[in-house]
Amino acid sequence: MKAVVFHGPACGVSVEDVAVRDPGPGEVRVAIRAAGLCHSDQSVINGTIPYPVPVVLGHEGAGLVEAVGPGVTSVKEGDAVILSTLAHCGRCAACEGGKPTACRNAPNPKDTTPFAIKGAPAYQFANASAFAELTLVREQSAIPVDPRVPFDRAALIGCGIMTGVGAVLNRARVEAGSSMAVFGVGGIGLNCVQGGVLAGAAPIIAVDVNPQKLELARRFGATHLVDASRDDALAAVRDLTGGGAEYTFECVGNLAVIRQALDALAPGGTLTVVGVPRIGSTIELVVHSLYNNKAILGCRYGAARPRRDFPMLADLYLAGRLRIDELITDRYPLDDFDRALHDLEDGRLARGVFQLGGGGH
């Protein structure tokens, strides 16, 4: 089958023939129909996220169950599924308590090699490896979805939408009528914006340096736009909220922007860091600045509960309450990976989607 493989900085990325093994106990093989290109994939390529190589990239995907291993009960051949990157065990106290992102018993995806290239093992990325015609995942990572949701829309639920909407609803738990500001309105930030709409937040302030992204944020429900390339973003947020926002979301992974989002809080406000800086990055802050009950939250995968949240997000889409169609900036065949990556690096994409085997439906 065809897959996108990263061989390390010296060799780069290539689309090549890869073999995938049959599913073992508790495993599911999925024929991918659509996969979204995310900054996390770019982060592996540029070294922000260290990963063993060779690795089959991609983690935001949807498709059809092609085969199941012994003991699999939640899906069957032919089911439409969304891939979840969350490798939770489903049995520990965290999982049973509705906090699977806190599971400590899951296997390390960096130890998983379900693929082979010319007979040599290749790693799986983020429990998914969605940039492939076939992939192999654990049962917990194959989440059934209403087949009325087209695959290219369903795929985006599995990362960008879950991360952004989940940051607002699950992690920060924004209350109706609260003020919020989103710093960085790419794919994740746009979903924080529409998470704010679902929560009933007002105002919802979008901050970015890209005017096109800001206009898209308006379509997703932002009530105010701040072009940080021209205006003082901190002063603008304070002015629009009467002194500071009750909730801010940093969706860039930039240390200066994290600090700015912290400074934009009102007393009692909460910053949720959704962006992913380079591993090992540190930030200095004046501890006394937290004295007025300010809080800083980390956020892994939108604090997702995939078997609950993915179907809920699909239902919201089908009801016209969640925008997914507008997220897709462009579609590509898998062979055009380099062009899609270039478009992502140039800031052209909210989401670029690879279509495999009729991925739109």
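These figures come from a predicted structure and were not determined experimentally.

Let us now look at a nonpolar patch on the surface. Nonpolar side chains collect at one region of the surface, where Leu285, Val287 and Ile296 lie side by side and expose about 250 Å² of accessible area between them. Tracing the sequence through the fold places Val287 in the loop between β16 (265–273) and β17 (295–298).

What follows covers unusual backbone geometry. Cis geometry marks the peptide bond from Val53 to Pro54, where omega comes out at 0 degrees. For Pro54, the position within the fold is in the loop between α1 (39–46) and β5 (55–56). In this model, Ala202 is joined to Pro203 through a cis peptide bond whose omega is -5 degrees. Mapped onto the elements of the fold, Pro203 is located in the loop between α4 (187–199) and β13 (204–208). In this structure, Tyr301 takes a positive phi of about 55 degrees despite not being glycine. Overall, Tyr301 belongs to the buried group, its relative accessible area being 9%.

Here the focus is the sheet that holds β16. Strand order in this open sheet of six strands is β14-β13-β12-β15-β16-β17, and the pairing throughout is parallel. Looking at which strands have only one partner, the edges of the open sheet turn out to be β14 (224–227) and β17. Averaged over all adjacent pairs, the angle separating strand axes in this sheet is 20 degrees, with direction ignored. In the packing of α4 onto the sheet, contacts are made with β12 (180–183), β13 and β15 (245–250), and the angle to β12 comes to roughly 165 degrees. On top of the sheet, helix α6 (residues 233–241) reaches β12, β13, β14 and β15; it is set at about 170 degrees to β13, its chief contact.

Bringing the environment of Ile204 into the picture now. Mapped onto the fold, Ile204 is located in strand β13. Take Ile204: its relative accessible area is 1%, and that puts it in the buried class. With 25 residues separating them in the primary sequence, Ile204 and Ser179 have C-alpha atoms 6.2 Å apart. Excluding residues that lie within four positions of it along the chain, Ile204 makes contacts with Met180, Val193, Gly196, Val197, Gly221, Ala222, Thr223 and His224.

Interhelical geometry of helix α3 (residues 151–172) versus α4 gives an angle of 45 degrees and a closest axis separation of 7 Å. Overall, the two elements α3 and α4 adopt an arrangement that is oblique. Handedness of the crossing formed by α3 with α4: right-handed. Residues Gly160, Ile161, Thr163, Gly164, Val165, Ala167, Val168 and Leu169 of α3 form the contact with α4, whose participating residues are Ile188, Asn191, Cys192, Gln194, Gly195, Gly196, Leu198 and Ala199. Taken together, the residues of the contact of α3 with α4 sort by class into nine nonpolar, seven polar and no charged.

Cut-offs used in this document
Residues numbered from 1 in each chain as written. Predicted model: local features only at pLDDT ≥ 70, side-chain atom pairs only at ≥ 80, totals over all residues. Heavy atoms only, no water. Patch = residues over 30% accessible without salt bridge, like charges linked within 9 Å, V, L, I, M, F, W, Y side chains within 5 Å. Areas by Shrake-Rupley, 256 points an atom, 1.4 Å probe, with all protein chains shown as cover. Salt bridge = Lys/Arg side-chain N within 4 Å of Asp/Glu carboxyl O. Helix = DSSP H or I, 4+ residues; strand = E, 2+ residues; numbered from the N terminus. Buried < 20%, exposed > 50% of the residue type's maximum accessible area, 1.4 Å probe, protein only. Pairing = 2+ DSSP bridges. Axes fitted to C-alpha atoms, helices over the stretch in contact; angles between N-to-C directions. Contact = heavy atoms within 4.5 Å. Parallel < 35°, antiparallel > 145°, perpendicular 65-115°, else oblique. Left-handed = near helix turned anticlockwise from the far one by under 90°. Nonpolar A, V, L, I, M, F, W, Y, C, P; charged D, E, K, R; others polar.

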